[in-house]
Amino acid sequence: MQREELTKEICQNLIKEAIQTLPYSYTPYSHFKVAAALLAKSGTVYTGCNIENASYTPTNCAERTAFFKAVSEGDSHFDAIAIVGGKEGKVEEFCPPCGVCRQVMAEFCNPKEFFIILARSPEEFQIYSLEEILPFGFSPEHLK
Ligand code: THU
């Protein structure tokens, strides 16, 4: 999608879905809860939360949970993702995606036409293109 097509209404709906998903976040170790709502080009919204593990490294971030839910259901073209997060589920700061999640986005998304919405509330949010948060990224294009 082009940035002009990403309306305030689309952003706010995604942010609300992410906020609703926050209670499902499984974080007995960090207590840092993250949730995401991923908008596919099909129109379907896939939500995700972070899921931690006693062995730590199997932990999956909220963003990747959302991507993997979508791709595993045959949906792999995307326009935008909203992300919220905070200690004990209290969303006070913007929560940027980790490097691994940015790399997963690069696998499926056009860096100029996929948008990351970081939100503190449905009213307070920032929008970045994937290219802005992952410049000079390695992508499937490099393997062609
Ligand atoms: N986390 C996410 O879910 N997404 C991110 O992009 C940043 C980090 C999670 C992983 C872990 O469960 C907790 O936040 C603390 O790192």
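Look a little higher up for the structure.
Residues numbered from 1 in each chain as written. Predicted model: local features only at pLDDT ≥ 70, side-chain atom pairs only at ≥ 80, totals over all residues. Heavy atoms only, no water.

A. Molecular detail of the packing of aromatic side chains. Following the criterion strictly, the structure yields five aromatic pairs and no others. Considering the side-chain rings of Phe67 and Phe108, the 6.3 Å spacing of their centres and the 25° angle between planes classify their relative orientation as stacked. You can see Phe67 sitting in helix H2 (residues 62-71) and its partner Phe108 sitting in helix H3 (residues 99-108), a full 41 residues away along the chain. Phe108 sits in the partly exposed class, given a relative accessible area of 30%. One aromatic cluster is present, formed by Phe67, Phe78, Phe108 and Phe114 through successive ring pairs. Its guanidinium or amino end placed over the ring of Phe94, Arg120 lies 4.9 Å from that ring's centre, counting from NZ or CZ. (Phe/Tyr/Trp six-rings, centres within 6.5 Å; stacked < 30°, edge-to-face > 60°. Helix = DSSP H or I, 4+ residues; strand = E, 2+ residues; numbered from the N terminus. Buried < 20%, exposed > 50% of the residue type's maximum accessible area, 1.4 Å probe, protein only. Lys NZ or Arg CZ within 6 Å of the ring centre and 35° of its normal.)

B. Layout of the environment of Thr7. Mapped onto the elements of the fold, Thr7 is located in the segment before helix H1 (8-21). Classification of Thr7 by relative accessible area gives partly exposed; the value is 35%. Between the C-alpha atom of Thr7 and that of Lys33, which follows or precedes it by 26 residues, the distance is 26 Å. A polar side-chain atom of Thr7 sits 3.1 Å from the main-chain amide nitrogen of Ile10. (Polar contact = N/O pair within 3.5 Å; in protein donor to acceptor, adjacent residues only side chain to side chain.)

C. Representation of the pattern of salt bridges. The full count for this structure, using the stated rule, is seven salt bridges. Across the pair Lys41 and Asp79 runs a salt bridge, and its minimum N-O distance is 2.5 Å. Of the two residues, Lys41 is situated in the loop between strand S1 (32-40) and strand S2 (45-49) and Asp79 in strand S3 (residues 78-87); the sequence distance between them amounts to 38 residues. Two residues, Glu92 and Lys90, come together in a salt bridge whose shortest N-O distance is 3.6 Å. Residue classification places Glu92 among the partly exposed positions, given a relative accessible area of 49%. Via salt bridges that share partners, Glu93, Arg120 and Glu124 belong to a single interconnected network. (Salt bridge = Lys/Arg side-chain N within 4 Å of Asp/Glu carboxyl O.)

D. Just H1, in detail. The terminal C-alpha atoms of H1 lie 20 Å apart, and with 14 residues this matches the ideal 20 Å at 1.5 Å per residue to within 8%. Every buried residue of H1 is listed here: Cys11, Gln12, Leu14, Ile15, Ala18 and Thr21. Contacts made by the buried residues of H1 are with S1, S2, S3, strand S4 (115-119) and strand S5 (125-129). (Expected span 1.5 Å × (residues − 1). Contact = heavy atoms within 4.5 Å.)

E. Main features of the side chain of Arg102. Relative to the helices and strands, Arg102 is located in helix H3. For the buried Arg102, no salt bridge exists, and the shortest N-O distance to an oppositely charged side chain is 7.7 Å, to Glu63. Once residues within four sequence positions are removed from consideration, Arg102 is found in contact with Pro96, Pro97, Leu130, Ile133 and Leu134. (Lys, Arg positive; Asp, Glu negative; His and termini not counted.)

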